[in-house]
Amino acid sequence: MPDGNWYLHRAFNTLHTKRPIEEALPHHFMSMVCRDALRTNSQYLLVAFDGPRVFRYKVYANYKGERDKKRAGSAPVDPDSGIAQGNLYDYLPDVYDLLNRAGIVYFQPRTFEADDVGCSIAHAYSSEYDVVIGTQDKDSYQFLKPGVRLFDSSHKNKKGETDPIYITAEDAERKKGVKVSQMVQYQILIGDKGDSIPSIQGMTEAKARDILSHHGNLATWYANGSPDDRIFMETQKENMRRNRKLVTLSVDAVPPTPVEDWKIPKSKSKDKDLPKVFHEWHNFVWPKSRGLFG
């Protein structure tokens, strides 16, 4: 399941073309999505997008405030192309149209985000399928477990070369220093600068790790901590409650279509302007490639 918003940002910021952006961006997006589906040997594919009325904005008005300010801007296209500045989300209808034409299922729940869809799919289907979510977002660490991995195709090695990697629960725990089962409580304490979620007063990553290492969870910290700890938690109760609502991913954003409908289309496309079979999308933008990724 690719996080459509993540792929859209990457496609927008790596686009170099003289073609009209409303035509070039969807094709570039599609090629990235399909290439990663091939890399991960996916049999089923569903692209998830953030909804238009995400509930977290009602919980906290400044949610993703800084990120939203940066939505508008120009793609780094050829200077002779004459493409005007614009909001990359203006081109979402063009992306949806191409997904429909290619026969690839997408899902945009009204009040949830793509991360919620990933969490819901992991919760609902990991006992039957090997679930791979296309994202690098640390918010998704909380639902990692056996049978669920992230695929970060933007990862770069020490030489600065693109080097796609899988991220497992063990990888996430090693990187963050807390258990996957503690990820929500860890984020409650430290917030999320990228989403404009403030940390609990004076909390650092090191202090949060120390608290969870010693107490296991916030309830035990309150019960067994010092009087000063309890006073601190009482004064920060509303902030912690707010952060919990913001960082906890939902399991209620399961796509309404059955998994069989997500099967990757391999039959010939009826649209003469599109690649005839699914794997040809790889060469649609990378025509010099040999084989799939050689």
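About the thresholds
- Residues numbered from 1 in each chain as written.
- Predicted model: local features only at pLDDT ≥ 70, side-chain atom pairs only at ≥ 80, totals over all residues.
- Heavy atoms only, no water.
- Core = buried A, V, L, I, M, F, W, Y, C linked by side-chain atoms within 4.5 Å.
- Buried < 20%, exposed > 50% of the residue type's maximum accessible area, 1.4 Å probe, protein only.
- Contact = heavy atoms within 4.5 Å.
- Axes fitted to C-alpha atoms, helices over the stretch in contact; angles between N-to-C directions.
- Helix = DSSP H or I, 4+ residues; strand = E, 2+ residues; numbered from the N terminus.
- Parallel < 35°, antiparallel > 145°, perpendicular 65-115°, else oblique.
- Left-handed = near helix turned anticlockwise from the far one by under 90°.
- Arc of directions from axis to C-beta.

Visitor: I'm lost on the nonpolar core in this one. Help?
Guide: Side chains of a nonpolar character, in soluble globular proteins, are inclined to be buried together. Leu46 and Met203 are the most contacted members of the largest nonpolar core, which totals 49 residues. Apart from residues no more than four positions distant in its own chain, Met203 is found in contact with Leu189, Ile190, Ala208, Ile211, Trp221 and Phe232. Counting residues in each nonpolar core, the second largest holds 29 residues, with Phe12, Leu25, Met30 and Met32 among its members.

Visitor: Would you take a moment to explain the packing of helix 8 (residues 183-190) against helix 9 (residues 205-215) for this structure?
Guide: In a pair of packed helices, the angle between the axes and the distance between the axes together describe the arrangement. Relative to each other, helix 8 and helix 9 sit at 140 degrees, their axes nearing to 9 Å. With respect to their mutual orientation, helix 8 and helix 9 come out oblique. Between helix 8 and helix 9 the crossing geometry is right-handed. Counted together, Gln185, Tyr186, Leu189 and Ile190 of helix 8 and Glu205, Ala208, Arg209 and Leu212 of helix 9 form the full contact between these two elements.

Visitor: What is the right way to look at helix 9 in this model?
Guide: Because the α-helix completes a turn every 3.6 residues, residues three or four places apart line up on one side. Buried within helix 9 are the following residues: Ala208, Ile211 and Leu212. Within helix 9, the buried residues cover an arc of 90 degrees as seen down the axis, which keeps them to one side. Turned more than 90 degrees off the buried face of helix 9, the exposed positions are Ser213 and His214. Contact partners of the buried residues in helix 9: helix 8 and helix 10 (218-224). Taken from the residues just after helix 9, Gly216 is the one with a positive phi, measuring 85 degrees.

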